[in-house]
Protein chains: 2
Amino acid sequence: METEVAGWTDQEQGLAQAIFAIALARDLECLISDLRSKSEHLGSAEDIWKMHDFLSIRRHEIEGRFDFRLPGLLFVFADFVKDGLVSLEELEGFSDDKLAKIRAMSRM
Amino acid sequence: METEVAGWTDQEQGLAQAIFAIALARDLECLISDLRSKSEHLGSAEDIWKMHDFLSIRRHEIEGRFDFRLPGLLFVFADFVKDGLVSLEELEGFSDDKLAKIRAMSRM
């Protein structure tokens, strides 16, 4: 039985969760690579505390962003596109009106 | 003019500051080496947040410990000895009673 929730079909919800997992994996990969590069160049207390501040901000961002909820999901996907975590092509299973909104918001 | 403050001679205050700088440099070197090793082994979000928690605790510890004030300094030096940041031999410019207290507290 098709159970549409807040305008999202079953199929779209499944795709949305898959996209979420992909975006999170890419964001973490990027963060790990940043941390490795930063840790290579640590030379002073200031460098270490800067790395700590950077990591605090990224953690806050990632933990806030990757909380999967249907309301607001189009904004989150637009952010993923803007940040280069997913491409518009990867979102092609969504309805045309959702894609148009994501595309428009990703340019803001 | 010799200006003893709270039982610390000028010479002891100078030595205390030098020991502080040495202990801080060693502690930071150790932390940098830990961060490099941890960042090499990052594989998941959990690993990254564990590294963040570790760094938060170390920052709190280091920022608290390396605030130079004469009161309580013997405790701080005993901690340095206990943590292997400085050796008792490096503290030999202090008076015998200070050394005895540091030695005793470092074994607690």
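These remarks concern the structure in this document. Computed from a prediction, not measured in an experiment: that's the story for all the values here.

## A short note on the overall build of chain A
Here is step 1: Along its length, chain A carries four helices and zero strands.
Here is step 2: For chain A, the α and β elements follow one another from N to C terminus as α-α-α-α.
Here is step 3: Taken over the C-alpha trace, chain A has a radius of gyration of 17 Å; the compact-globule value for 108 residues is 13 Å, which it surpasses by more than 25%.
Here is step 4: Within chain A, counting contacts between residues at least 6 apart in sequence, those at least 24 apart form 64% of the total.
Here is step 5: As presented, chain A carries roughly 6,200 Å² of accessible surface, and 53% of it is formed by carbon and sulfur atoms.
Here is step 6: Of the charged side chains in chain A, 13 are positive and 21 negative; the average position of the first set lies 4 Å away from that of the second.

## Here's the deal with the nonpolar core
Here is step 1: In this structure, A:I48, A:F77, A:F80, B:I48, B:F77 and B:F80 are the most contacted members of the largest nonpolar core, which totals 61 residues.
Here is step 2: Looking at this core, the elements with two or more residues in it are α1 (10-40), α2 (45-65), α3 (73-82) and α4 (96-106) of chain A together with α1 (10-40), α2 (45-65), α3 (73-82) and α4 (96-106) of chain B.
Here is step 3: Setting aside chain neighbours within four positions, we find A:F80 in contact with A:I19, A:F20, A:A23, A:R65, A:F66, A:L85 and A:V86.

## A word on the packing of α1(A) against α2(B)
Here is step 1: Across the interface, α1(A) lies against α2(B) with an axial gap of 10 Å and an inter-helix angle of 40°. In terms of their interaxial angle, α1(A) and α2(B) are classed as oblique. The element α1(A) and its partner α2(B) pack so that their crossing is left-handed. Seen from α1(A), the contacting residues are A:L28, A:L31, A:I32 and A:L35; seen from α2(B), they are B:A45, B:I48, B:W49 and B:M51.
Here is step 2: Among the residues making up the contact of α1(A) with α2(B), the classes are represented as eight nonpolar, no polar and no charged.

## Observations regarding the pattern of salt bridges
Here is step 1: All chains considered together, the criterion is met by 20 salt bridges over all chains.
Here is step 2: Among the salt bridges present, the one from B:D27 reaches B:R65, with a minimum N-O distance of 3.5 Å. With B:D27 in helix α1 and B:R65 in helix α2, this pair connects stretches of sequence that are 38 residues apart. For the residue pair B:D27 and B:R65, the accessibility class agrees, reading buried in each case.
Here is step 3: With a closest N to O distance of 3.4 Å, B:E63 and B:R59 form a salt bridge. Separated by four residues within a single helix, B:E63 and B:R59 lie in helix α2, roughly one turn from each other.
Here is step 4: B:R59 sits in the buried class, given a relative accessible area of 16%.
Here is step 5: Overlapping salt bridges, with partners in common, bring together A:D27, A:R58, A:E61, A:R65 and A:D83 in one network.

## Focus: the packing of aromatic side chains
Here is step 1: Summed over the entire model, instances satisfying the criterion amount to 16 aromatic pairs over all chains.
Here is step 2: Seen from their ring centres, A:F66 and A:F80 are 5.3 Å apart, and the 20° between their planes marks the pair as stacked. You can see A:F66 sitting in the loop between α2 and α3 and its partner A:F80 sitting in helix α3, a full 14 residues away along the chain.
Here is step 3: Assessed through its relative accessible area of 15%, A:F66 is described here as buried.
Here is step 4: Under the relative-accessibility criterion, A:F80 is labelled buried at 0%.
Here is step 5: Their ring planes at 75° and their centres at 6.1 Å tell us that B:F20 and B:F77 sit as a pair that is edge-to-face. Taken together, the residues span a long stretch of sequence, with B:F20 in helix α1 and B:F77 in helix α3 at a distance of 57 residues. B:F77 carries the same exposure label as B:F20, and that label is buried.
Here is step 6: In this structure an aromatic cluster arises from ring pairing among A:W8, A:F20, A:F66, A:F68, A:F77, A:F80 and A:F94.
Here is step 7: A cation over an aromatic ring shows up here: B:K98 above the ring of B:W8, its NZ or CZ 4.9 Å from the ring centre.

Parameters and conventions
- Residues numbered from 1 in each chain as written.
- Chains lettered and ligands numbered in written order.
- Predicted model: local features only at pLDDT ≥ 70, side-chain atom pairs only at ≥ 80, totals over all residues.
- Heavy atoms only, no water.
- Helix = DSSP H or I, 4+ residues; strand = E, 2+ residues; numbered from the N terminus.
- Rg over C-alpha atoms; globule rule 2.2 N^0.38 Å.
- Contact = heavy atoms within 4.5 Å.
- Areas by Shrake-Rupley, 256 points an atom, 1.4 Å probe, with all protein chains shown as cover.
- Lys, Arg positive; Asp, Glu negative; His and termini not counted.
- Charge placed at Lys NZ, Arg CZ, Asp CG, Glu CD.
- Core = buried A, V, L, I, M, F, W, Y, C linked by side-chain atoms within 4.5 Å.
- Buried < 20%, exposed > 50% of the residue type's maximum accessible area, 1.4 Å probe, protein only.
- Axes fitted to C-alpha atoms, helices over the stretch in contact; angles between N-to-C directions.
- Parallel < 35°, antiparallel > 145°, perpendicular 65-115°, else oblique.
- Left-handed = near helix turned anticlockwise from the far one by under 90°.
- Nonpolar A, V, L, I, M, F, W, Y, C, P; charged D, E, K, R; others polar.
- Salt bridge = Lys/Arg side-chain N within 4 Å of Asp/Glu carboxyl O.
- Phe/Tyr/Trp six-rings, centres within 6.5 Å; stacked < 30°, edge-to-face > 60°.
- Lys NZ or Arg CZ within 6 Å of the ring centre and 35° of its normal.

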